[in-house]
Amino acid sequence: MKRYVGDRTIDGVKVTVDGAPLNPRTDVTEFTKNGFEWSYEGPEPRQLALAMLVEHLGDAGAAKTMTDPFMRAVVANFGNEWEMTSSDIDVALTALGNGNPGKAVA
């Protein structure tokens, strides 16, 4: 099970998956050049939502479909420090109505 962690530090924000930096996946869609952010709705939280979902689902198309709902329901509500597991993401996707944990509706 993968572990996603975000933290605000004196050097800026840091997001990792299993201890390694999370790829922003600007190759899929670039919402911003400013990196990741969270706790509000905007391009930086949208980039984080996309990156997490592409990493988790392994399907760029499905991730793009779920990016905005996931950003609004989950990423926009993160505190300064947060942690999610693959299982937590599956629960969130199911709650968002895709009905199939681990696979977003395309």
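These figures come from a predicted structure and were not determined experimentally. (Residues numbered from 1 in each chain as written. Predicted model: local features only at pLDDT ≥ 70, side-chain atom pairs only at ≥ 80, totals over all residues. Heavy atoms only, no water.)

Things to note about the environment of E41
Positionally, E41 belongs in the loop between β3 (20-21) and α1 (43-57). Given the relative accessible area of 53%, E41 is considered exposed. Separated by 30 residues in sequence, E41 and M71 place their C-alpha atoms 7.0 Å apart. Apart from the residues within four sequence positions on either side, E41 is in contact with M71, R72 and A76. (Helix = DSSP H or I, 4+ residues; strand = E, 2+ residues; numbered from the N terminus. Buried < 20%, exposed > 50% of the residue type's maximum accessible area, 1.4 Å probe, protein only. Contact = heavy atoms within 4.5 Å.)

Details of the side chain of Q47
Examined against the element boundaries, Q47 turns out to sit in helix α1. At 2.8 Å, the side chain of Q47 and the backbone oxygen of P24 are in polar contact. Look past the residues within four positions of Q47 in its chain and what remains in contact with it is P24, R25, T26, T29, E30, F31, T32, G35 and F36. (Polar contact = N/O pair within 3.5 Å; in protein donor to acceptor, adjacent residues only side chain to side chain.)

Observations concerning unusual backbone geometry
Its identity as a non-glycine residue notwithstanding, R25 has a phi of 55 degrees, on the positive side. Here R25 lies in the loop between β3 and α1. For S39, which is not glycine, the phi torsion reads 80 degrees and is therefore positive. Take S39: it is sitting in the loop between β3 and α1.

Re the sheet that holds β3
With antiparallel pairing, the four strands of this open sheet are ordered in space as β3-β2-β1-β4. One side of each edge strand has no neighbouring strand; the edge strands of this open sheet are β3 and β4 (82-85). (Pairing = 2+ DSSP bridges.)

Any functional reading would require information that these geometric values do not contain.
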